[in-house]
Amino acid sequence: MSFEKGAQLVISGPFTVSGTAQDPVIFRGNRSTTSGYGPTGFPSTNVLSVGSSSSCAIRHARFDRLPDGSQLDLGAICTVEDSEWFGPGGSITMWGGSIKRSVFANMQGRPALSGMLHLIEDCEFRNNSRGLVTSWSRWGSGGDGLGWAIVRNCRFTDHKDVALSVSGFVDVTDCYIANNGVGLEGARLLKGNVIVNNRVGIRITDLQITGSRNAICGSTDWNVAQVSGDMDLRDMWFGTSSSFTARSWIEDAYNGAGYGFATIDASLEEPAWHIASPYRSACRTESARAGFTNDPLVFGNIIGNTVWTKESHGLVLITKKSIVYASASLTIQAGVEVMFGSSGGIECRGALLVSGSAAESVIFRGNRSTTSGYGPTGFPSTNVLSVGSSSSC
């Protein structure tokens, strides 16, 4: 079936495509070039539209060279198996159903596949602008029968932007994600994935991530980016036994102001499950990220159980807002002097203990040598020391 420019096939009743491995059903556009694409402004042309009340089954089909910006809207709960989808046009939107053993390649502009699907299994996504964008809100039974959608045993390679973007209750398991702009964005459950050699391995959009046995390494920007709150990244392999090196590639409180704290294993040893992996040689992190200091206070972040002593921190200069995280405590011992710059301050969301002595106080001071110029009102509303109502002090 060949689609000319502007042509549409609208299905209101049952829709079944029954090809074979040797003789697939072919849906084809009339173009052979990928020139003329821009980043925005693609027309929303549905060359194939299946109504939401229709039944839909597609097996052994090939969609190839459909028109620029064209879409396939499979509104029905559809089962797709053993099919191939090749761009540049022809991105697919599905609202329910499953896809197994299928290929999505060379699609430009829109995601190759998007919508709400309860199961994507044994599929390959390669060389698209964006790969798979899916969500699940637990209104259905899910791919596991418990309300979770599943992306399982899929390959995502060579995407210019995000290879896999998920939101809601989606379980990403046993996938290979490599050589993309961003490998994975979102996800609640991650298990057994290999995420290697991307610009960004995982970009955090949901702090309720639960992960285990994932290999995340070899990224050029970040292995894990935008950790906006405290989260658990234990039982992950970052391609190195050096905690210093592993942490340098995680964009958390150690690497930026206002970020959350990512907990990694205290002792990093290559796990047995990774030693046995066929992708073992691809997952290596040789050196720490340039400029990494391993000191979160550089960015105004105070994490863990932190103690400032006269010997270790005789003079602490606070030049920006510094946060004691809810999971953290700060103890300031006798003889320490804390000096606040014009924009400096300490906000305590966790525990704060200031423990001076009669002989040696803890001193908090500004960085100015004069007290002139102050009036009875009009002081700036800057809290140099702020302790939250749920904190201990």
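Remember, predicted model here, so these are calculated numbers, not experimental data.

Draft legend 1. Examining the confidence of the model for the protein chain more closely. Residues at a pLDDT of 70 or more form 87% of the protein chain, whose mean pLDDT is 83. Low confidence marks residues 33-43, where pLDDT is under 50. Its contacts with residues over four positions away, or in another chain, come to 16 contacts.

Draft legend 2. Region of the structure containing a nonpolar patch on the surface. A cluster of nonpolar residues, V354, F364, V384, L385 and V387, forms a patch on the protein surface that exposes about 350 Å² of accessible area. If you trace the backbone, F364 turns up in strand β41 (residues 363-366). A relative accessible area of 33% places F364 in the partly exposed class.

Draft legend 3. Fine view of the sheet that holds β41. Spatial strand order, β35-β38-β41: 3 strands in an open sheet with parallel pairing. Both edges of this open sheet fall to β35 (315-318) and β41, since each of them pairs with a single strand only. Neighbour-to-neighbour, the strand axes of this sheet turn through a mean angle of 20°, independent of strand direction. Sheet topology note: the strand β38 (residues 337-340)/β41 ladder contains 4 bridges and is parallel. Its bridge partner lying in β41, E337 is registered against I363.

Draft legend 4. Local environment of the packing of aromatic side chains. Per the stated rule, a full pass over the model turns up 10 aromatic pairs. Considering the side-chain rings of W85 and F104, the 5.8 Å spacing of their centres and the 10° angle between planes classify their relative orientation as stacked. Remark: F104 occurs in strand β13 (residues 103-105) and W85 occurs in strand β10 (residues 84-86); sequence separation between them is 19 residues. Owing to a relative accessible area of 0%, F104 belongs among the buried residues under this scheme. Taking the centre distance of 6.3 Å and the plane angle of 40° together, the rings of Y254 and F261 count as tilted. Side by side, Y254 and F261 carry an identical accessibility label, which is buried. Across from the ring centre of W222, 3.7 Å away, lies the NZ or CZ of R289, which sits over that ring.

Conventions adopted
Residues numbered from 1 in each chain as written. Predicted model: local features only at pLDDT ≥ 70, side-chain atom pairs only at ≥ 80, totals over all residues. Heavy atoms only, no water. pLDDT = per-residue confidence, 0-100. Contact = heavy atoms within 4.5 Å. Patch = residues over 30% accessible without salt bridge, like charges linked within 9 Å, V, L, I, M, F, W, Y side chains within 5 Å. Areas by Shrake-Rupley, 256 points an atom, 1.4 Å probe, with all protein chains shown as cover. Salt bridge = Lys/Arg side-chain N within 4 Å of Asp/Glu carboxyl O. Helix = DSSP H or I, 4+ residues; strand = E, 2+ residues; numbered from the N terminus. Buried < 20%, exposed > 50% of the residue type's maximum accessible area, 1.4 Å probe, protein only. Pairing = 2+ DSSP bridges. Axes fitted to C-alpha atoms, helices over the stretch in contact; angles between N-to-C directions. Phe/Tyr/Trp six-rings, centres within 6.5 Å; stacked < 30°, edge-to-face > 60°. Lys NZ or Arg CZ within 6 Å of the ring centre and 35° of its normal.

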